[in-house]
Amino acid sequence: MSETKKIMIGLLLGVAVGLGLAALPGNIYDVTNTYLLSPVGTVFLNLIKMLVVPIVFFSIILGVMGLGDPKELGRVGTKSLLFFLTTTAIAIVLALGVASIVKPGERGDFPTTGLEFDASGSEESSNIVQTFVNMIPTNPVQALAEGNMLQIIVFAALIGFAMIALGEKARTWRRFVKQGDRIMMYLIHLVMKLAPYGAFALIASAIGGIGLDAVYAMGWYMFAVVLTLFLHSVVVYGGAVALIGKMNPIFFFKNFYEAMTFAFSTSSSNATLPVSMEVAQTKLGVPRSISSFVQPLGATVNMDGTAIMQGVATIFIAQVFATDLTMAELVTVVITAVLASIGTAGVPGVGLVMLALVLQSVNLPVEGIALIIGVDRVLDMLRTSVNITGDAACAVVVSKLE
């Protein structure tokens, strides 16, 4: 049985058990949640949080190394990178806007008791200029220990550029980083094997505590994510293909649908890469030389779908905790999500790890992930389709410009 089916079964069982517990006397739910659901869910969340710092550190270094020397990237690399970063920024801004309008976190009475939330330091980011200044770590070791994600990303990026400049002189470090990244990927796959149990425990705990209101409220969260994914695909990608790539958007989506379907089933940009490249080359007419460079690069750099989930989830969790994010904190969310997209692994479940670092960057509780974990797998399938569609759109645009 596939991992997707297992998680879906865990999700459905969690919903059923949660509704059952909600209908029973309160003490039954309290005992079950205290001694079973909450411990299982907490263990799963802790495993995710455990991987945040090391996976970001290794993946950002590898992402920068994969880009090569900026002076030697050439026209194709520069245009591709500009396209990916621009669309990712648009995606996260669009997500923040849609979530702020739909207000999914205000459409249900979510329990926050027991979730640690430290609002201290929220005023420290009140100055946008200071936010940029604070991105430079004075003590990288301290930044790693404290989980200061913006500083970790900047530090890792600088290491990546230094390794490019040193070339063979840094081959030992290069091998260390690659092996470290493989270890983190293995651990992610290992942790995600527990996802069905984590999904079951978290969604059962949430629904058991608030009943049908949770289903209603999570429906609005899913609606906000799906709406943003749709708007981004049609307006941003379709517009770029039509205006810059000079290709009919209907033709583009109709011919690329095969790869989008495959991405939906695998939830992995990396696993879909061979199919998406073949479809782009044979059905969209993208030259092999451009497709073979742009689309693999996009599988690492372009994570618009994940950025959309992060934006909606951040606003959702902030609304649940009745926290108003300042403009500087919203800018921090955009910066963190865009920078984190560079080097993010195209594998199922990694979006939750990236969401954890986005939440930490604006001092929102990582435990808030418990509210969305139950429906994340379905949304993961959708956003992977959006990610690889963006890669193909970039290939079409760059090939036209070249």
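All values derive from a computational prediction rather than experimental measurement.

Draft legend 1. Summary view of the overall build of the protein. Tallying secondary structure elements over the protein gives 16 helices and 0 strands in all. Put simply, the protein has 402 residues, and 53% of those count as buried. Contacts spanning at least 24 positions in sequence make up 84% of the contacts within the protein whose residues lie at least 6 apart.

Draft legend 2. Just helix H13 (residues 304–320), in detail. For H13, spanning 17 residues, the distance from its first C-alpha to its last is 24 Å, which sits close to the expected 24 Å at 1.5 Å a residue. Taken across its 17 residues, H13 has 17 buried, putting it largely inside the fold. Positive backbone phi, approximately 55°, marks Ala-322, located one or two places after H13.

Draft legend 3. Quick peek at the packing of aromatic side chains. A complete count under the given rule lists 9 aromatic pairs for this structure. The interplanar angle of 25° and the centroid separation of 6.2 Å between the aromatic rings of Phe-57 and Phe-155 together place this pair among those described as stacked. Of this pair, Phe-57 sits in helix H2 (residues 26–67) while Phe-155 sits in helix H6 (residues 149–166), and the two are 98 residues apart along the sequence. You can call Phe-57 buried: its relative accessible area is 12%. Taking the centre distance of 5.1 Å and the plane angle of 45° together, the rings of Tyr-221 and Phe-316 count as tilted. Here Tyr-221, found in helix H9 (residues 212–243), pairs with Phe-316, found in helix H13; they are 95 residues apart in sequence, far enough to count as distant.

Draft legend 4. Representation of the confidence of the model for the protein within the structure. For the protein, the mean per-residue pLDDT works out to 79, and 82% of the residues sit at or above 70. Across the protein, the secondary-structure element scoring lowest on mean pLDDT is helix H4 (residues 128–133), at 64, and the one scoring highest is H13, at 88. Confidence over residues 115–128 falls short of pLDDT 50; this stretch has 22 contacts with residues more than four positions distant or in other chains.

Draft legend 5. Spotlight on unusual backbone geometry. Even without being a glycine, Lys-103 presents a positive backbone phi close to 55°. With respect to the helices and strands, Lys-103 occurs in the loop between helix H3 (74–102) and H4. Of note in the backbone geometry, Asn-363 takes a positive phi value of approximately 60° without being a glycine. Relative to the helices and strands, Asn-363 resides in the loop between helix H15 (350–361) and helix H16 (373–401). Judged by its relative accessible area of 27%, Asn-363 falls in the partly exposed class.

Calculation rules
- Here the residue numbers are simple positions, counted from 1 along each chain's written sequence.
- Totals for whole chains, interfaces and linings use all residues, but because this is a predicted model, local features are given only for residues with pLDDT of at least 70 and pairs of side-chain atoms are given and counted only at 80 or more.
- As a rule here, side-chain values cover all heavy atoms of the structure and leave hydrogens and water aside.
- Helix numbering and strand numbering both begin at the N terminus, where a helix is a DSSP run of H or I of at least 4 residues and a strand a DSSP run of E of at least 2.
- Working definition: with a 1.4 Å probe on protein chains only, accessible area under 20% of the residue-type maximum means buried, over 50% means exposed, and in between means partly exposed.
- In what follows, residue pairs with any heavy atoms lying within 4.5 Å of each other are defined as contacts.
- Multiplying 1.5 Å by the residue count of a helix minus one yields the expected span of that helix.
- Aromatic contacts are taken between Phe, Tyr and Trp rings whose centres are within 6.5 Å, Trp giving its six-membered ring; a plane angle under 30 degrees counts as stacked, one over 60 as edge-to-face, and the others as tilted.
- A residue's pLDDT is the predictor's confidence in that residue, given on a scale from 0 to 100.

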